[in-house]
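# Inside the fold
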Amino acid sequence: MDTQRLLASGLRGTHLLFDHAVIAEAFSQSAEELREVVDLEIETIQGAVERLMALPDADAGRCYIAALPRCVQYVMVLLYFELLDGTARRGDLTLH
C-alpha cells in the first residue's frame, strides 16, 4: 500500500479506503463504545492494520476493510483520521 499517496489523497478530502456512510457512522459512535471495541478486538485490529499495509493498493484495502466487522471498521476509520491529522499537523506531505 502506498501510504504517502493514500494520505495525500486524504488531505485533499478523498478517502480511498472508506465510503462516506462508514465514516459518518464511525464518528457518531461514543468514545466508550469504541474503547470497548478496542479492548475486546485489539488483536483483530492490529492484524487488520498489518494486513491492510501489505495490500497492493487502496482498492484492495477498501474491499478488505469492507469485509471486517462493522465495529472494527469504525476503529479503522478513526485510526486513519488520527494518522491523517498527525500528517497534516506535521506538514509531512507536499500537495501538488
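Look above for the structure.
Read on for a plain summary of the structure. (Residues numbered from 1 in each chain as written. Predicted model: local features only at pLDDT ≥ 70, side-chain atom pairs only at ≥ 80, totals over all residues. Heavy atoms only, no water.)

Turning next to the nonpolar core. Of all hydrophobic cores here, the largest spans 26 residues; its most connected members are Leu17, Phe18, Leu52, Met76 and Val77. When residues of this core are traced back to their parent elements, those giving at least two are helix H1 (3-11), helix H2 (20-28), helix H3 (31-54), helix H4 (58-66) and helix H5 (70-90). It is H5 that provides the largest number of residues to this core, a total of 8 residues. (Core = buried A, V, L, I, M, F, W, Y, C linked by side-chain atoms within 4.5 Å. Buried < 20%, exposed > 50% of the residue type's maximum accessible area, 1.4 Å probe, protein only. Helix = DSSP H or I, 4+ residues; strand = E, 2+ residues; numbered from the N terminus.)

Turning next to the packing of aromatic side chains. Two descriptors summarise a pair of aromatic rings, namely the distance from one centre to the other and the angle between the planes of the rings. In the structure shown here, the tally under the stated rule is 3 aromatic pairs. These aromatic residues form a ring-pair network of at least three members: Phe18, Phe27, Tyr80 and Phe81. Looking at Arg51, its charged tip hangs above the ring of Tyr64, at a distance of 6.0 Å from the centre. (Phe/Tyr/Trp six-rings, centres within 6.5 Å; stacked < 30°, edge-to-face > 60°. Lys NZ or Arg CZ within 6 Å of the ring centre and 35° of its normal.)

Our focus in this paragraph is the environment of Thr14. Structurally, the position occupied by Thr14 is in the loop between H1 and H2. If we ignore the near neighbours within four places in the chain, the residues touching Thr14 are Ser9 and Tyr80. (Contact = heavy atoms within 4.5 Å.)

Turning our eyes to something else, we now look at the pattern of salt bridges. Summed over the entire model, instances satisfying the criterion amount to 3 salt bridges. Between Arg35 and Asp39 there is a salt bridge; the shortest N-O distance is 3.3 Å. Remark: Asp39 and Arg35 occur in helix H3; sequence separation between them is 4 residues, near one turn of the helix. Note that Asp85 is salt-bridged to Arg89, the shortest N-O span being 2.8 Å. Placement of the pair is Asp85 and Arg89 together in helix H5, with a separation of 4 residues, close to one helical turn. According to the relative accessible area criterion, Arg89 is exposed, its value standing at 68%. (Salt bridge = Lys/Arg side-chain N within 4 Å of Asp/Glu carboxyl O.)

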